[in-house]
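These are the residues of each chain, in order.
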Amino acid sequence: MKLIISMMVFSLCSFSALAKNDIEAGRVKSASCVACHGMNGKVSVPMYPNLAGQNAMYLEQSLAAYKKGGRTGGQAEVMRAYVANLSDEDFSDLAAYYASLKP
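Here is what the cut-offs are and how they apply
Residues numbered from 1 in each chain as written. Predicted model: local features only at pLDDT ≥ 70, side-chain atom pairs only at ≥ 80, totals over all residues. Heavy atoms only, no water. Core = buried A, V, L, I, M, F, W, Y, C linked by side-chain atoms within 4.5 Å. Buried < 20%, exposed > 50% of the residue type's maximum accessible area, 1.4 Å probe, protein only. Helix = DSSP H or I, 4+ residues; strand = E, 2+ residues; numbered from the N terminus. Contact = heavy atoms within 4.5 Å. Polar contact = N/O pair within 3.5 Å; in protein donor to acceptor, adjacent residues only side chain to side chain. Expected span 1.5 Å × (residues − 1).

Where an unreviewed UniProt entry is consulted, the protein appears under the name Cytochrome c family protein, with the organism given as Yersinia rohdei.

Following this line, the structure appears as structure tokens:
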């Protein structure tokens, strides 16, 4: 019985992990990012950072920090407005997409 319960818990955890880090979903969600961060995460205006090839965990944590107000200065208020309605899953998907791109 314990084995069955353990397997069920493990499978649920595995399923939720698969729901995150969806590169294709991140590509779709990145449409509003293109204006500043360029097509494929490569900028043409040097005041904005390139996102292509960036570490996924760093991107995910950065997006969350913008949303919570933990990042200030520069374009932080603009970013905060962009991420205000995004979920943790959105952050994960966007991070996976940009991390998958070649710098």
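Student: Pulling in residues and values, what's your account of the nonpolar core?
Tutor: One finds L63, V83 and Y98 to be the most contacted residues of the largest nonpolar core, which totals 16 residues. Residue assignment for this core shows that the elements contributing at least two residues are α4 (56-68), α5 (76-83) and α6 (88-100). Ranked by residues supplied to this core, first place goes to α6 with five residues. Once you skip the residues sitting within four places of it in the chain, L63 turns out to touch M79, V83, F91 and L94.

Student: Outline the side chain of S92, listing residues and values.
Tutor: Relative to the elements of secondary structure, S92 occurs in helix α6. Here N21 takes part through its side chain, which lies 2.6 Å from a polar atom of the side chain of S92. If sequence neighbours within four positions are ignored, S92 has contacts with K20, N21 and E60.

Student: Can you lay out α6 for me, pointing to particular residues and giving the numbers?
Tutor: Across its 13 residues, α6 extends 18 Å between first and last C-alpha, which sits within 8% of the 18 Å expected from 1.5 Å per residue. For α6, every residue scored as buried is listed here: D90, F91, S92, D93, L94, A95, A96, Y97 and Y98.

Student: Before we move on, can you summarise unusual backbone geometry with the specific residues and values?
Tutor: The residue N21 is not glycine, and still its phi comes out positive at about 60°. Inspection of the secondary structure puts N21 in the loop between α1 (2-19) and α2 (23-29). On the accessibility criterion, N21 (45% relative accessible area) is partly exposed. Even without a glycine there, the phi angle at N40 is positive, about 60°. Secondary-structure assignment places N40 in the loop between α3 (34-37) and α4. Overall, the relative accessible area of 43% leaves N40 in the partly exposed class.

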